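Residues per chain, in single letters:
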Amino acid sequence: MAIYSSKPFKPALLLAALLAACSAPPAPLAVQAIDADTWLVQGAAEEFSPDNRGHISNITIVNTGAGVLLVDSGGSEAVGTALAETVAALTDEPVRWIVLTHHHPDHVFGAHAFPQADTLMLAGAWRDLQRYQHHYLDTLATRLAPEGSSQPPAQPFEQPPRLLAPGRHRFGDREFELLELHGHSGADAVLYEPARELLITGDMVFWQRAPATAHTPSLAAWIQDLDQLATLPVRHLVPGHGPLTDARALAANQRWLRWLDQLLKQSAENGLSTNEMLDHDLPAEFADWPLARYELTRSASHFYPAYEERAFADSAMAPKGEKDGTEGEKTPAPTGP
Ligand SMILES: [Zn+2]
Ligand SMILES: [Zn+2]
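Below you will find a few notes about this structure. Since this is a predicted model, take the numbers as computed values, not measurements.

1. Some points on the coordination of the zinc ion (ligand 1)
When a metal carries six donors in an octahedron, the ideal angles between them are 90 or 180 degrees, while four donors in a tetrahedron ideally lie at 109.5 degrees. Here the zinc ion (ligand 1) is held by the protein donor atoms Asp106 (OD), His107 (NE2), Asp203 (OD) and His241 (NE2), which lie 2.0 to 2.2 Å from it. Written as a sequence motif, the donor residues of the zinc ion (ligand 1) are D-H-x95-D-x37-H. The distance between the zinc ion (ligand 1) and the zinc ion (ligand 2) comes to 3.5 Å, with Asp203 serving as a donor to both metals. Here His107 is found in helix α3 (residues 105-108), whereas its partner Asp203 is found in strand β11 (residues 198-206), with 96 residues between them in sequence. A single burial state applies to His107 and to Asp203, both of which are buried.

So this is what it looks like as structure tokens:
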């Protein structure tokens, strides 16, 4: 377990990390310094499993001088509890705010480990979390709980969070611009700190891990949102999944989304079945990304019917009709990172 910090190293963190290797969770999580008073806790590039306990998405820890800001919180109470130990090893300041970037289960359910903190979400994300959270909890119970365990891995949100509005937000000494985007989940909060050119994207960006599209309103909307983010000067980019990176991840995500859009469109126009379409080779750039084939299959399951309908309508009504470049509405899939 690699542990990095820009602060004086705390022996308690190492001791607990060593104990983690031979005892049950919770234990502190590996952290990587991003900048002064700012750390990344990187989730595994995996689906939910008992081994990863729901620690599959990234969490950012920001020490603001007036309390700690967390951006996202992990996918279970075990992750949240381990995160609390991790923060305590870095600073004596309490966790005061938690910004949940969107409603997906791998980002939200660790927040219950911080009952004293102010939990913040976009209104659209809170609406979707209320709609889906009991389904998510059922899924987590199946995927995370050891055989025969009666302890649920997470609890529902009973109290509404404080709703976030786009614009400037000050947390202690740190000032962020909060952007409300839509491309990944329908309501995606992105945090940008101009002073440090730090961009915390949630799942608007995946890096070295295939993007998930379970609640994407349209691939075109996501590509457009990434164009907006590309106008910002960025020194550090914290993706929702994958290692710390920089602005190149924005273009890489767009290449995946454009490739996916073209694959679905051309396959539909050529009358391919879903299985025939899925036999297509992955581009070399993405072939080694974890979960690439898995995410392609998931994207196909909810997007391909709309592309097929579009192709059928185009061929029936407009022999050489103009192309508008994007697909139709999708049906939300049950769970997704
Ligand atoms: Zn995620
Ligand atoms: Zn997500």
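2. Notes on the side chain of His184
Positionally, His184 belongs in the loop between β9 (174-181) and β10 (188-193). Judged by its relative accessible area of 0%, His184 is buried. A polar contact of 3.4 Å, which involves the side chain of His184, links it to the side chain of His102. In this structure the side chain of His184 is engaged in a polar contact, spanning 3.1 Å, whose partner is the side chain of His104. Aside from chain neighbours lying at most four places away, what touches His184 is His102, His104, Asp203, Met204, Phe206, Ala212, His215, Thr216, Trp222 and Pro337.

3. Examining the environment of Leu137
Within the secondary structure layout, Leu137 lies in helix α4 (residues 123-144). Apart from residues no more than four positions distant in its own chain, Leu137 is found in contact with Phe109, Ala154, Gln155 and Pro156.

4. Remarks on the nonpolar core
With 53 residues, the main nonpolar core has Ile61, Leu70 and Leu83 as its most contacted residues. Top element by residues in this core is α4. It accounts for eight residues.

5. Observations concerning the packing of helix α6 (residues 248-269) against helix α8 (residues 292-317)
One can describe the packing of α6 onto α8 by two numbers: an axis separation of 9 Å at closest approach and a directional angle of 50°. As judged from the angle between their axes, α6 and α8 are oblique. In the packing of α6 onto α8, the handedness of the crossing is right-handed. On α8, the residues that touch Trp256, Trp259, Leu260, Asp261, Leu263, Leu264, Lys265, Ser267, Ala268 and Glu269 of α6 are Ala292, Leu296, Ser299, Ala300, Phe303, Tyr304, Tyr307, Glu308 and Ala311.

6. What about the pairing of β9?
Looking at chain direction, strand β8 (residues 167-171) and β9 are connected through five bridges and run antiparallel. Looking across to β9, one finds that Arg168 is bridged to Glu177. Following β8, the chain reverses through two residues before pairing antiparallel with β9; Gly172 in that reversal takes a positive phi of roughly 55°. One ladder, built from five bridges, connects β9 with β10; its direction is antiparallel. Within the sheet, the bridge partner assigned to Leu181 lies in β10 and is Asp188. Connecting β9 to the antiparallel partner β10 that follows it, the hairpin turn spans six residues, and Gly186 within it adopts a positive phi of roughly 100°.

Analysis parameters
- Residues numbered from 1 in each chain as written.
- Chains lettered and ligands numbered in written order.
- Predicted model: local features only at pLDDT ≥ 70, side-chain atom pairs only at ≥ 80, totals over all residues.
- Heavy atoms only, no water.
- Donors = N, O, S within 2.8 Å, 3.2 Å for Na, K, Ca; no water.
- Helix = DSSP H or I, 4+ residues; strand = E, 2+ residues; numbered from the N terminus.
- Buried < 20%, exposed > 50% of the residue type's maximum accessible area, 1.4 Å probe, protein only.
- Polar contact = N/O pair within 3.5 Å; in protein donor to acceptor, adjacent residues only side chain to side chain.
- Contact = heavy atoms within 4.5 Å.
- Core = buried A, V, L, I, M, F, W, Y, C linked by side-chain atoms within 4.5 Å.
- Axes fitted to C-alpha atoms, helices over the stretch in contact; angles between N-to-C directions.
- Parallel < 35°, antiparallel > 145°, perpendicular 65-115°, else oblique.
- Left-handed = near helix turned anticlockwise from the far one by under 90°.
- Pairing = 2+ DSSP bridges.

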